Amino acid sequence: MVDFVERLKDPRSLVCGVSAAMADKFDWSCMWTRVVCAVAIFCNPAMGLLIYFVLALVLPKWEKPC
C-alpha cells in the first residue's frame, strides 16, 4: 500500500499526465488530484475518459495563472 501511495504522489505522468499537470498548474496535491480523477472515471467511465483526453489536449496549451 505504501508503494501505491508513493506512486500517486509522484509528479511524473501515468498515462497522459493530466492529473499531474492540473496539480502543477493549480498548486494542488498530485495524489488527491489523481484520486479525484480516478473516482470520476470510475463513476462515469465514458464522460470521465472523454474529459480526461480533452484535458490531455488542452492543458499543454493552457497558460499557468500568475
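This structure is a prediction, so every number in the text was calculated from the model and none was measured.

1. Here we look at the UniProt feature "transmembrane region" (unreviewed entry) in the chain
Here is step 1: The feature "transmembrane region" (unreviewed entry), as given by UniProt, occupies residues 32-59 in the numbering adopted here.
Here is step 2: The span residues 32-59 is 93% helix and 0% strand, and its two end C-alpha atoms sit 18 Å from each other.

2. A closer look at the packing of helix α2 (residues 18-26) against helix α3 (residues 30-43)
For any two helices packed against each other, the geometry comes down to the angle between their axes and how far apart the axes lie.
Here is step 1: Contact pair α2 / α3: the axes reach a minimum separation of 9 Å and the direction vectors enclose 130°. Considering the angle they form, α2 stands oblique to α3. Relative to α3, α2 is oriented so that their crossing is right-handed. Every residue of α3 that contacts α2 at S19, A20, M22 and A23 is listed here: C30, T33, R34 and C37.
Here is step 2: When its residues are assigned to classes, the contact of α2 with α3 shows five nonpolar, two polar and one charged.

3. Some details on the packing of aromatic side chains
Here is step 1: Under the criterion given, the structure shown has two aromatic pairs.
Here is step 2: Taken together, a centroid distance of 5.4 Å and an interplanar angle of 85° make the contact between Y52 and F53 edge-to-face.

4. Some remarks on the packing of helix α1 (residues 2-9) against α3
Here is step 1: Two numbers describe how α1 lies on α3: the axes approach to 7 Å, and their chain directions differ by 100°. Taken together, the axes of α1 and α3 lie roughly perpendicular to each other. On α3, the residues touching V5, R7, L8 and K9 of α1 are C30, M31, R34 and V35.

5. Section: the nonpolar core
Here is step 1: Counting residues in hydrophobic clusters, the biggest one holds five residues: V18, M22, C37, Y52 and L59.
Here is step 2: When near neighbours in sequence (up to four residues on either side) are disregarded, L59 contacts V18, A21, M22 and K25.

6. Description of the environment of L59
Here is step 1: Along the chain, the position of L59 falls in the segment after α4 (45-58).
Here is step 2: We classify L59 as buried; its relative accessible area is 2%.
Here is step 3: In the structure, L59 is positioned 38 residues away from A21 in sequence and 7.2 Å away in space, judged by C-alpha atoms.

Cut-offs applied
- Within each chain, residues carry numbers counting from 1 in the order of the written sequence.
- Given that this is a predicted model, residues contribute local features only at a pLDDT of at least 70 and side-chain atom pairs are listed and counted only at 80 or more, while totals for whole chains, interfaces and linings are drawn from all residues.
- The side-chain values count all of the structure's non-hydrogen atoms but skip hydrogen atoms and water molecules.
- UniProt positions are given in the numbering used here, feature names are shortened, and annotations may be inferred rather than shown by experiment.
- In DSSP terms, a helix is any run of H or I states spanning at least four residues, a strand is any run of E spanning at least two, and both are numbered starting from the N terminus.
- For helices, the fitted line uses only the C-alpha atoms of the stretch in contact; every axis is such a line through C-alpha atoms, and the angle between N-to-C directions lies from 0 to 180 degrees.
- Oblique is the label for any angle not covered by the other classes, which are roughly parallel (under 35 degrees), roughly antiparallel (over 145) and roughly perpendicular (65 to 115).
- Two helices crossing with the near one rotated counterclockwise from the far one by less than a right angle form a left-handed crossing, whereas a clockwise rotation gives a right-handed crossing.
- When checking whether two residues touch, look at their non-hydrogen atoms; a contact exists if any pair is within 4.5 Å.
- All residues other than Ala, Val, Leu, Ile, Met, Phe, Trp, Tyr, Cys, Pro, Asp, Glu, Lys and Arg, Gly among them, are scored as polar; the first ten of these are nonpolar and the last four charged.
- When the centres of two rings from Phe, Tyr and Trp lie within 6.5 Å, Trp using its six-membered ring, the rings pair. Their planes under 30 degrees apart give stacked, over 60 give edge-to-face, and anything left gives tilted.
- Side-chain atoms within 4.5 Å link the members of a nonpolar core, which is a set of buried Ala, Val, Leu, Ile, Met, Phe, Trp, Tyr and Cys residues.
- Think of it in three bands: residues with accessible area under 20% of the maximum for their type are buried, residues over 50% are exposed, and the middle band is partly exposed, with areas taken using a 1.4 Å probe on protein chains only.

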